[in-house]
Amino acid sequence: MVEIKTAREIDAIGAAGRVVADILAAARAAAAPGVTLKELDGVARDVLARAGATSPFLNYHPAFAPVPYPAVICTSVNDAALHGIPGDYRLRDGDLLSVDAGATLDGWVGDAAVSFSVGTPADGDPELISATEAALAAGIAAARPGGRLGDISAAIGQVGRSAGYGISTDLGGHGVGRTMHEDPHIPNRGKAGRGLRLVPGLVLAIEPWFIAGGRDGIYLDEDGWTIRTADASRAAHAEHTIAVTGDGPVILTAPRQR
Ligand code: MF3
Ligand code: CO
C-alpha cells in the first residue's frame, strides 16, 4: 500500500534525513587509504548516537537475506554494488566506495547513499559516479505531481543507458516512512507515462546504481548481503529520500549548508 504523508510527517522525515546526510558527510571525510570499513561504521554509529537516532539497517532482516544486517551503513567497494557489509577490509587508493546510510528519528526514517573515489580516482570512475548522480537528479526532477512512477524510472534509465552502463532492475528505489522499505518499488529503468500517479505526500527513496561494464547481471555474495556485478566491473550508487509536494520534489537528505 502506498502511503501519503502530511506536511508535518514530511518535516519529521526531513529531520531523520538530516542525520543521514551527516552520516554520509562524516563517513566520506573519514574514508582514506588504510581506513577499514568497520571504522567507517563506527563513525556512523557515533553520528547516530549524538543525534539520538537509531539505524533502520541494523538487524534488518528481509525475506531475501539469510541473516540480519549487522551494521548501520552499507559500504560497497568496486565490484560490490550494494549492501556491502563493513568488515576488516582496508580501503586502498583508487577504490570506488559507495556508502549507504539510514536513520530513524522519532519513528521516521531517512535513507540516502553516495559514491566517491578513495584517494586518486581510477580510470572511468569519475564518469561512472557523475552519471549516477546525474541519473539521481533526473529521477528527482521527474518526481512531480501529475507525473507517473514510470517517469522516474525512465529518466534514470535513459541517463545510464546513454552512457553505456548496465542497469539491474532487481533492486531500486522505494517508498520511505515509518519503515525503510515501503511501496512503491521504483525500478531504475522503465517506461514514462506508466504506473502509479505521483501526488503530493509521496515520500520516495530514489536510488540509481549503474554497472560500468555495460551488462546488467549481478550476483549475491556468499555473505548473503553483498550484491556484486556479474562481470566484476565497478558499480556506483547514489540515493536521496525525497518528497513529492505541490511545489515539486523536495530533497529530505540534502547535505547541510555550511
Ligand atoms: N538504500 C538501501 C536499500 O534501500 C538500504 C539497504 S539497508 C540494508 O536497499 F540494511 F538492507 F542493508
Ligand atoms: Co534505499
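Here the structure is a predicted model, which is why all the values come from computation and not from measurement.

Draft legend 1. Summary view of the sheet that holds strand S4 (residues 108-117). Judged by pairing direction, the sheet is antiparallel, and its 3 strands sit side by side in the order S1-S3-S4 without closing on themselves. Each edge of the sheet is formed by a strand with only one pairing partner; in this case those strands are strand S1 (73-77) and S4. Between one strand and the next, the sheet's axes are offset by a mean angle of 10 degrees, whatever the strand orientation. The pairing of strand S3 (residues 96-105) with S4 spans 10 bridges and is classified as antiparallel. Bridge pairing in S4 links leucine 105 to tryptophan 108. Helix H1 (residues 7-30) rests against S1, S3 and S4 of the sheet, and its axis sits at about 30 degrees to S4.

Draft legend 2. Examining the nonpolar core more closely. Ile23, Leu40, Ile73, Leu91 and Leu97 are the most contacted members of the largest nonpolar core, which has 27 residues in total. Elements represented by at least two residues in this core include exactly H1, helix H2 (37-51), S1, S3 and S4. Broken down by element, this core gets its largest block of residues, 6 residues, from H1. Filtering out sequence-adjacent residues up to four positions away, isoleucine 73 remains in contact with Ile23, Leu40, Asp41, Ala44, Phe57, Gly84, Pro86, Val99, Asp100 and Ala101.

Draft legend 3. Region of interest: the site of ligand 1. Near ligand 1 you find 13 residues, and of these Asp100, His174, His181, Glu207 and Glu239 are the closest. Contact distances for ligand 1 include 2.7 Å between a nitrogen atom and a side-chain N or O atom of aspartate 100. Taking aspartate 111, its side chain carries an N or O atom lying 3.1 Å from a nitrogen atom of ligand 1. In the complex, 97% of the free accessible area of ligand 1, which totals 340 Å², lies under the protein chains. Placement of ligand 1 is best described as lying within the largest pocket.

Here is what the cut-offs are and how they apply
Residues numbered from 1 in each chain as written. Chains lettered and ligands numbered in written order. Predicted model: local features only at pLDDT ≥ 70, side-chain atom pairs only at ≥ 80, totals over all residues. Heavy atoms only, no water. Pairing = 2+ DSSP bridges. Helix = DSSP H or I, 4+ residues; strand = E, 2+ residues; numbered from the N terminus. Axes fitted to C-alpha atoms, helices over the stretch in contact; angles between N-to-C directions. Contact = heavy atoms within 4.5 Å. Core = buried A, V, L, I, M, F, W, Y, C linked by side-chain atoms within 4.5 Å. Buried < 20%, exposed > 50% of the residue type's maximum accessible area, 1.4 Å probe, protein only. Near = heavy atom within 4 Å. Polar contact = N/O pair within 3.5 Å; in protein donor to acceptor, adjacent residues only side chain to side chain. Areas by Shrake-Rupley, 256 points an atom, 1.4 Å probe, with all protein chains shown as cover. 1 Å grid on protein atoms, 1.4 Å probe; cavity = no way out; pocket = protein on both sides within 12 Å on 5 of 7 lines; lining within 4 Å. Sits in = over half its atoms within 2 Å of the grid points.

By themselves, these observations are geometric and do not establish any function.
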